[in-house]
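Overview (structure and organization)
Here are the chains, one letter per residue:
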Amino acid sequence: MQWVLQRVRRFEKWILVFLLLASCACAVLGLSRGVLFEGGSQDNQWGPSRALLAHRNPYADYLAAPDRSPFILSQSPNYAASGLMFLWPLAALDWPVAKVLWACANLLFTAGIFMCLFQLMPPATPLRTRLLVITLMLTGTPWRTVLANGQHSLFTLFFFLLAVVLASRSVRGASLALAISFFKHTISFPLTLFFARSCLTWRPLLMAVATHVGLTLFAAAWVQASPLDLLAGPVQVAHFATGRGYLDVFAIASMLGITSRVVPMVAALLILAGSFLAIRRDPDVLSCLSTLALTSMAVVFHLMYDFVVLVLPLCYALRANGTRSSWRASLYLLAIGMIWFLDKCVEMVAGLADWPVEAVMDVFFWPTVVVFYGALFMDWWLAFQGRRQPGPCVNP
C-alpha cells in the first residue's frame with residue numbers, strides 16, 4: 001500500500017483536479033436524471049407518505065393489487081409508517097415540486113455527512129485527504145444513483161451520523177436524529193449497534209425506539225388500523241417489491257441456489273453477533289462505524305445505492321494509511337474501488353462488447369464477495385487479536 005501511495009502522491013494535485021471535475025459532472029448527471037427525466041426519483045416514498053397523510057393505509061392500498069402499484073412511478077411502501085410521517089412536509093407538496101426539493105435536500109444531506117465525518121477524523125487531517133473523501137464519494141456509482149432514484153440512503157446516513165456526533169452533547173438531539181435515521185431501517189438498524197455497545201449510549205437509542213412506538217400508535221389511530229398491521233405492512237410489501245440484492249447474505253444464498261430463508265438469516269445473525277463482539281470494546285468511533293457499515297450491507301437486502309455508507313470505511317482507510325492496520329485499510333479501499341467504480345465499468349464494457357451483461361456481472365459478483373467479506377473478517381480478526389487501533393482516536 002505504501003508503494004502505491006508514494007506513486008500517487010507524485011500526481012495528487014492532478015488527480016484531485018480530475019476528481020473535482022468528475023464530481024461536478026456526476027452531480028449534474030444524477031440531478032438531471034432525478035429531476036428532469038420522467039421516471040426520475042422513482043424510489044422516493046412521496047406516494048405512500050401522501051396516502052398516509054390523507055388517512056389511507058398505504059400498505060393495504062398496495063397489497064390490494066401488488067402487481068399494479070396505486071402510487072406514482074410504481075412506488076412501493078416498504079418503509080414503516082412511523083418513518084413515512086417524517087416525509088409529510090414533502091408529501092404535502094405536488095410531485096414536481098417535491099421531486100426538485102428532495103434532490104436539493106440530498107445535496108444538503110451529503111454536505112452534512114461530510115461535516116459529521118470530518119468531526120470523527122483527527123483535526124489535523126490534511127485538506128487533500130478531506131478532498132479525496134469528498135470527491136471519491138461523489139464520483140462513486142452509489143451516490144449518483146441515490147440522486148437519480150430519489151433514494152433515502154443519504155437522508156438516513158446523515159441523521160445517523162448526526163446522532164453519533166450529538167451523543168456526547170445532547171441526548172435529546174441525538175435521540176431525535178437517531179429516530180429520523182430509523183426511516184431506512186435496513187441501513188440504520190445494524191449501525192445502531194454502535195449505541196448498544198455501552199450503557200452510556202443507551203439513552204438515545206431507547207428514546208428513539210420510544211419515539212417510533214408513539215408514532216406507530218398515532219399512525220394506527222390516524223388511518224384507523226391495527227398497529228400490528230402497520231408494522232407487518234412493510235414486510236408484506238417487501239415480499240412483492242424486492243428481488244435479489246447486492247452482496248448481502250440473501251443475495252449470496254440466491255446465487256448458490258439456496259431457496260430456504262433460514263440459512264441466510266442464521267448467517268446474518270452470526271455476522272451481527274461477530275461484529276458486535278468486535279466493536280464492543282473498541283474506543284475508536286470511526287473504527288466501530290466502519291465495521292458496522294460493512295455489517296449493514298451484509299445482513300439485509302441492499303442494492304448498489306445503499307453502498308454509499310462505505311464512505312465510513314473510506315474515511316478510516318485514508319486516516320489509517322501507513323499504520324500497522326494497513327491490511328485492513330487496503331482491503332477497505334479495494335472493496336470500495338470494486339463496488340463504487342469497477343462494478344459499473346465491467347457492466348459498461350460488457351455492454352459495449354455485446355457480451356451477455358447479466359452473465360458477466362454474475363461472474364464479477366464472486367470476486368467482489370470475496371474482497372468485501374474479506375474486509376469484514378479482517379476487522380474481526382484484528383479486533384479479537386487486540387490490534388484494531390490504527391492511530392489517533394477521535395470521539396466527538
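Preceding block: the structure.
Attention in this report is confined to the structure presented alongside it. Please read these numbers as outputs of a predicted model, since none were measured by experiment.

The rules we used
Residues numbered from 1 in each chain as written. Predicted model: local features only at pLDDT ≥ 70, side-chain atom pairs only at ≥ 80, totals over all residues. Heavy atoms only, no water. Core = buried A, V, L, I, M, F, W, Y, C linked by side-chain atoms within 4.5 Å. Buried < 20%, exposed > 50% of the residue type's maximum accessible area, 1.4 Å probe, protein only. Helix = DSSP H or I, 4+ residues; strand = E, 2+ residues; numbered from the N terminus. Contact = heavy atoms within 4.5 Å. Salt bridge = Lys/Arg side-chain N within 4 Å of Asp/Glu carboxyl O. Patch = residues over 30% accessible without salt bridge, like charges linked within 9 Å, V, L, I, M, F, W, Y side chains within 5 Å. Areas by Shrake-Rupley, 256 points an atom, 1.4 Å probe, with all protein chains shown as cover. Phe/Tyr/Trp six-rings, centres within 6.5 Å; stacked < 30°, edge-to-face > 60°. Lys NZ or Arg CZ within 6 Å of the ring centre and 35° of its normal.

Of all hydrophobic cores here, the largest spans 112 residues; its most connected members are L161 and W340. In terms of residue count, helix α7 (residues 95–120) provides more of this core than any other element does, 11 residues in total. What L161 contacts, discounting residues up to four positions off in sequence, is I113, C116, L117, L120, L289 and L312. Grouped together as the second largest cluster of nonpolar side chains are six residues, A335, M338, M361 and V371 included.

Here the structure, examined in full by the defined rule, presents six salt bridges. The closest approach of N and O atoms between D61 and R56, which form a salt bridge, is 3.0 Å. Take D61: its relative accessible area is 25%, and that puts it in the partly exposed class. Its relative accessible area of 38% is what places R56 among the partly exposed residues. Here D362 ties to R244 by a salt bridge, and the two come within 3.6 Å at their closest N and O atoms. Placement of the pair is D362 in helix α21 (residues 357–384) and R244 in the loop between α15 (227–241) and α16 (249–255), with a sequence separation of 118 residues. We classify R244 as partly exposed; its relative accessible area is 41%.

Together, L256, I258, V263 and W366 make up a nonpolar patch on the protein surface, roughly 340 Å² of accessible area in all. Mapped onto the elements of the fold, W366 is located in helix α21. Overall, W366 belongs to the partly exposed group, its relative accessible area being 31%.

Attention shifts here to the environment of L256. Positionally, L256 belongs in the loop between α16 and α17 (262–279). For L256, a relative accessible area of 54% puts it in the exposed group. Remark: the alpha-carbon pair of L256 and Y62, spanning 194 residues in sequence, is separated by 31 Å.

Moving on: the packing of aromatic side chains. Counting across every chain of the model gives 23 aromatic pairs. For the pair F109 and F158, a centre-to-centre distance of 6.0 Å together with 25 degrees between the ring planes defines the contact as stacked. With F109 in helix α7 and F158 in helix α10 (residues 153–166), the pair connects residues that are 49 residues apart, well separated along the chain. A residue is classified by how much of its surface remains accessible, and F109, at 11% relative accessible area, is buried. Note on F158: relative accessible area 15%, which makes it buried. Within the aromatic cluster, the residues linked to one another by ring pairs are Y79, W102, F109, F155, F158, F159 and F183. Over the ring of F118 we find R130; its NZ or CZ atom is 5.2 Å from the centre of that ring. One Lys or Arg, R244, reaches over the ring of F365 and ends 5.8 Å from the middle of that ring.

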